[in-house]
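Coordinate analysis (summary)
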Amino acid sequence: MATLCGGWLCPPARADISAAMVRGQVRLGAGSDQAGIQIIATHLQRGFSTRTFSRADGSYVLMALKPGRYRLSVQAPDGRQAEQELTLQVGQTVLLDISLDPKPDVATADGNPAEQNSSELATYLTPEQMQRLPQVNRNFLNYADLAPGVNVVNGEEGATRLQSGGQRPDSVNLFIDGVSQKNYVVRGGVAGQDSSKGNVFPEAAVAEYKVISQNYKAEFDQVAAAAVSVQTKSGGNRFQGEAFYDHTNQDLRAATPSEQLAGKRDTEQAQYGVTLSGPIVRDVAHFFMAYERKVNDDFANVAAGDGGSVPAAYQPLLGAFNRPFEQDLFFGKLDWAIGARHLLEASFKFRDETESLGIGGINARTYALEKGNSEHRLDFKYQYSAEHWVNEARFTYEDANWQQTPAENAPGVLLQRLDGSLSGNTLASRSVLNAGGSTNYQQKGQNGPGLQDDLTFSDLHWYGEHVAKVGVKLKRIELNALERDPYHPQFSFNLNNPAGTPYRVRWASALAGAGDGSTASDVSQFGVYLQDDWQVDKHLSLNLGVRWDYEYNPGYLNFVTPADVAGALRGWSNLQNGNAGYDIENFISSGNNRSADSNNIAPRLGFAYDLLADQRHVVFGGFARAYDRNIYDVLQLEQTKGTYPSYSVNFLGDPNYDCAAAADCIAWAPEYLNYSPAQLTALTGAQPGNSREINLIRNNLKTPFSDQFSLGMRNRIGDWFTEIAFSHVVSYNGLVGLLGGRNADGSFYAPGSAFGGTFQALPGYGQLILFDNGVQTKTNSIFLKAEKPYDRDSGWGMTFAYTFTDSEENKPQSFADNSSYLFEYPNTHSVGWLDTAGVRKHKIVASGSVDLPWDLIFSTKLTLATPETRSGVNCNGGGCRFDTFAPRGEDFIFPGNWWGYRQVDVALIKSFDTPHDTRMKLRLDVLNLFDFKNYAGFNSDFASPNFGSPLGTLAGPGLTLKLTARLEF
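Values in this document were obtained by computation on a predicted structure and should not be read as measured data.

Of the positions making up helix 4 (residues 563-571), those classed as buried are V565, A566, A568 and L569. Taken end-on, helix 4 shows its buried residues confined to a sector of 165°, consistent with a single buried face. Seen from the buried face of helix 4, the exposed residues on the opposite side, beyond 90 degrees, are A563 and G571. Elements in contact with the buried residues of helix 4: helix 5 (573-576), strand 36 (694-697) and strand 39 (768-788).

This part is about the environment of A147. Within the fold, A147 resides in the loop between helix 1 (127-132) and strand 11 (150-154). Taking the C-alpha atoms as reference points, A147 and V729, separated by 582 residues in sequence, lie 16 Å from one another. Excluding residues within four positions of it along the chain, A147 makes contact with T123 and V211.

Once that is clear, we can look at the confidence of the model for the protein chain. Confidence in the prediction of the protein chain, expressed as mean pLDDT, is 87, and 92% of residues score 70 or more. Predicted confidence is poor over residues 1-15, with pLDDT under 50, and the contacts of this stretch with residues over four places away or in other chains come to 79 contacts. Note on residues 421-426: pLDDT is under 50 here. Beyond four places in sequence and across chains, it has five contacts.

The tally for this structure, following the rule as stated, stands at 33 aromatic pairs. Ring plane angle 80° and centroid distance 4.9 Å describe the contact between Y503 and Y657, whose orientation is recorded as edge-to-face. Separated by 154 residues along the polypeptide, Y503 in strand 29 (residues 502-508) and Y657 in the loop between strand 34 (646-651) and strand 35 (665-666) bring together distant segments of the chain. Y657 matches Y503 in its accessibility class, with the two residues each being buried. Every member of this aromatic cluster is reached through a ring pair, and the members are F491, F651, W668, Y672 and Y675. We note R132 situated over the ring of Y790; from NZ or CZ to the ring centre the distance is 3.9 Å. For the cation-ring pair, K910 lies above F912, with the distance from its terminal atom to the ring centre recorded as 5.1 Å.

In this section: unusual backbone geometry. The omega torsion of the bond from D485 to P486 falls at 0°, within 30 degrees of zero and hence cis. Along the polypeptide, P486 turns up in the loop between strand 27 (465-484) and strand 28 (490-494). Its identity as a non-glycine residue notwithstanding, Q222 has a phi of 55°, on the positive side. Accessibility expressed as a relative area gives 2% for Q222, which makes it buried. A positive phi angle, near 70°, is found at D283, a position not held by glycine.

Take a nonpolar patch on the surface next. A surface patch of nonpolar side chains, about 710 Å² in accessible area, is lined by L378, F380, F395, Y397, L451, V472, L474, F526 and V528. Along the chain, the position of F380 falls in strand 22 (residues 369-385). The partly exposed category is assigned to F380, whose relative accessible area is 40%.

Extensive coverage of strand 10 (residues 121-125) is indicated by the burial of five of its five residues. Bridge analysis of strand 10 against strand 15 (residues 206-214) gives five bridges, and the strand direction is antiparallel. Looking across to strand 15, one finds that Y124 is bridged to K210.

Turning to helix 8 (residues 677-684), a few remarks are in order. All buried positions along helix 8 are accounted for by P677, L680, T681 and T684. Buried residues of helix 8 fall within an arc of 100° about the axis and therefore sit on the same side. Exposed residues lying more than 90 degrees from the buried face of helix 8 are A678, A682 and L683. Buried residues along helix 8 sit against strand 29, strand 34 and strand 35.

Right, let's get into the nonpolar core. Counting residues in hydrophobic clusters, the biggest one holds 31 residues, and the most contacted among them are F140, L174, F201, Y209, V211 and V230. Secondary structure elements with two or more residues in this core: strand 11, strand 13 (173-176), strand 15, strand 16 (227-232) and strand 19 (285-302). Ignoring sequence-local partners within four residues, the contact set of Y209 consists of V90, T123, Y124, L125, M130, F140, L141, Y143, A144, V228, S229 and V230. One finds A300, L317, I359 and L680 within the second-largest nonpolar core, a separate group that totals 27 residues.

What follows concerns the sheet that holds strand 6 (residues 81-88). Pairing within the open sheet is antiparallel, and its four strands lie in the order 3-2-5-6. Each having just a single partner strand, strand 3 (49-53) and strand 6 make up the two edges of the open sheet. Adjacent strand axes in the sheet meet at a mean angle of 20°, parallel and antiparallel pairs treated alike. Examined bridge by bridge, strand 2 (residues 38-43) and strand 5 (residues 68-75) share six bridges and lie antiparallel to one another.

Attention now moves to the sheet that holds strand 34. In spatial order, the strands read 25-24-28-29-34-35; together these six strands make up an open sheet with mixed pairing. In this open sheet, the two strands that pair with only one neighbour each are strand 25 (429-436) and strand 35. Packing of helix 8 onto the sheet brings it into contact with strand 29, strand 34 and strand 35, and relative to strand 29 it is tilted by some 115°.

The next point concerns the side chain of Q535. Within the fold, Q535 resides in strand 30 (residues 518-535). A polar contact is formed between the side chain of Q535 and the backbone oxygen of D537, at a distance of 2.8 Å.

This paragraph deals with the pattern of salt bridges. Across all of its chains, the model carries 56 salt bridges by this definition. Residue K197 pairs with D298 through a salt bridge whose shortest N-O separation is 3.1 Å. Residue K197 is located in the loop between strand 14 (179-180) and strand 15, and its partner D298 is located in strand 19; the two are separated by 101 residues in the primary sequence. For E808, the salt bridge goes to K778, with nearest N and O atoms at 4.0 Å. Of this pair, E808 sits in strand 40 (residues 796-809) while K778 sits in strand 39; the two residues are 30 residues apart in sequence, bridging distant segments of the chain. A single network of salt bridges, built from pairs that share partners, joins R46, D335, E345, D379, K381, E392 and R394.

The rules behind each value
- Residues numbered from 1 in each chain as written.
- Predicted model: local features only at pLDDT ≥ 70, side-chain atom pairs only at ≥ 80, totals over all residues.
- Heavy atoms only, no water.
- Buried < 20%, exposed > 50% of the residue type's maximum accessible area, 1.4 Å probe, protein only.
- Helix = DSSP H or I, 4+ residues; strand = E, 2+ residues; numbered from the N terminus.
- Arc of directions from axis to C-beta.
- Contact = heavy atoms within 4.5 Å.
- pLDDT = per-residue confidence, 0-100.
- Phe/Tyr/Trp six-rings, centres within 6.5 Å; stacked < 30°, edge-to-face > 60°.
- Lys NZ or Arg CZ within 6 Å of the ring centre and 35° of its normal.
- Patch = residues over 30% accessible without salt bridge, like charges linked within 9 Å, V, L, I, M, F, W, Y side chains within 5 Å.
- Areas by Shrake-Rupley, 256 points an atom, 1.4 Å probe, with all protein chains shown as cover.
- Salt bridge = Lys/Arg side-chain N within 4 Å of Asp/Glu carboxyl O.
- Pairing = 2+ DSSP bridges.
- Core = buried A, V, L, I, M, F, W, Y, C linked by side-chain atoms within 4.5 Å.
- Axes fitted to C-alpha atoms, helices over the stretch in contact; angles between N-to-C directions.
- Polar contact = N/O pair within 3.5 Å; in protein donor to acceptor, adjacent residues only side chain to side chain.

This is the structure in structure tokens:
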């Protein structure tokens, strides 16, 4: 028996994105009738069978096969037979020719079957890699950097996001069993991954997955960078399961740079879970379920900001405090085969997590923000398989919500020490402690149903063989957002004031007749595509596709600029003298002068040429245009930002702060502490004034997209698969927020004054911010890849991936903050091209695993990368400007300041046979074996003597040990 497609050479499948396909020819010998030969593929785990019959030329196609292990049976009308086992991976198409010898009962199938070619730049992540390679947090996305050109971005808060092609993580999309997990509202690309240290999906439920960094086919939507296609596990014909527990704490890790000065803090991470699967009716219906829980206990130290004392009532708020994180993940699936042609599947995903933020430094435990992140998804699929076509109909429902709320429902108390009276607009003060209720309250989410239908045809002949697929998708999603900052009134106290009364209060409340800081929009999405996988001959295959997407967002399209705001803009002479560089009418909406972008036509063209028609040397390449989405978190600012403005008043009675001359200075009254924001607004008579920020969006907004070109060659040399490819990606129409204010002569503020000059606000209001399409990136990459897939016979496997990246962008920013704003220039054209922040020129990721005696498995992973590009303000040489730099690197084995990221991970697994047909596995993971310090922040002040030096926060783990026990049954 032969195992097919052990590496990454295999191309994508038809039916749903994660399904596999087998195609080829059955040969009976010269003069024999090739038609009517039955080919049956039986899934060995589930017992489901898919069958077809050969056509007149002996060709056949088996479609919509769930990845896994199969038995392929071939039977001719005269009784001749062949049988073979093969393994299909996620999104894979295998080309398999079968020869039936003229002698009865003697048959052979190709022992080294060819694989259909692919134009995609894709990497398969196998079950063996996920089970063997080291990692600490059970997030399956951590393995995605085994694909050249894909980076796993670990934020300072512990979040895991993916990035590729010089673009932001927003441009990535994840597909689970063919269903998009796109985040339409907040950042991160994938729902729930904006700022969460949790996992997007239970790793125990992931069978395998594929990372496509470029040139995906027309089935993939709402993505402009990398696409990740995941196949989940299913139940089979035998009951089985596993239970696991893993753990690490402060005693199993090295001290961080800050702990080396202040002492190590207590931390703990525990993860545990269980999976169960089996038959409901053997060969007919099965179930699968997985539950995982993750608990982190981090600790932060709270101290007075100036090192002095605080009043006795606040002293219990100082010291070390717990910062907990908890996550529950559940995935369940049912499948039911109704006869040979009908298949029903239903799955449910549940994610719920809570986390405390903002504790530490001068922020007391009461001043924390409680973050919630929840997600519920339902997926119902009906698949009908005819002899030469397959139809898959799907209904989905998603409900994903993100929020952060103050931990305490009380006014905020800001303790400070004032060192003098008000001088101009500057008050000399030192912050000491923040307590009481915190400031920021946000709720954002997406929910609604979706319908999708995909129809695949295989019996198409015209200058070769075609597998054509047409699909349509319709979604109705409610997007919602709420932002209120500050949510609780914030009272500032001067500890040097003997009276102990506050000297200022700041709050925010709804603006009558304008709104309350919240909005919602019922968005309709429509997409249609056509894809043709054309096998021209044994050498040439073409992948030709096109898709069109349309989105109707009434929140943006029907928005009406408030009459008072529109009047103030039209009456502002600074914008009407012709020198502003833009026409304000392009941003003022009447409610009927906006239209949805309907030009989102995306061709997907690829080729692969097998030089010797044996799948050993294949030249491939292609062009793809891919459209993403405008993030609703930006679009909603037009409706919310100016409807919940902030207010402030100053109080008399502080000898260090004489506010008598100020217009907003009133007498202090203790009852103010109990007033709601609305009451404070009414009773004080305060006006929003310049705190009412005005955000407007261009009326003819376009959809972000990228154009992707690639050319490469794959080779198979013995057991090794190699690949070299050149990639060129250009992205367009990224959203950017620009300052709309202008001087009296219509000019932007003078060059060089951006970092200390005056920002011109709209008279009677706050800053004017205009959002427009303007961000572009240009990225050229070279990918090198080599893989020897693991197999039981050899007992080892190895991968190597190298990426060279040269990337530029026209919007300077810190890569980590993913900011939408550019306030230092009037537009992106004024910036020029700078190296893209956050991108590393060179990156190497290598992994390997080997079976050892005594049921031991050893694995390792090496990550090396040059320093990532950073941005900062360069005022050297007169005039200030944004500039980029690369911090100093470190050596690794060989001397030289080359490397900005170094990490070596290892894992050791020991298996034991235990009673009652069970098996115990004990595992030790060691992350960052040599405790290399990989820093997340650097001094970006070009004039500083410490320019480029690290700031202490780590981008990855220090030396960390994790212990795991697993029982398989």
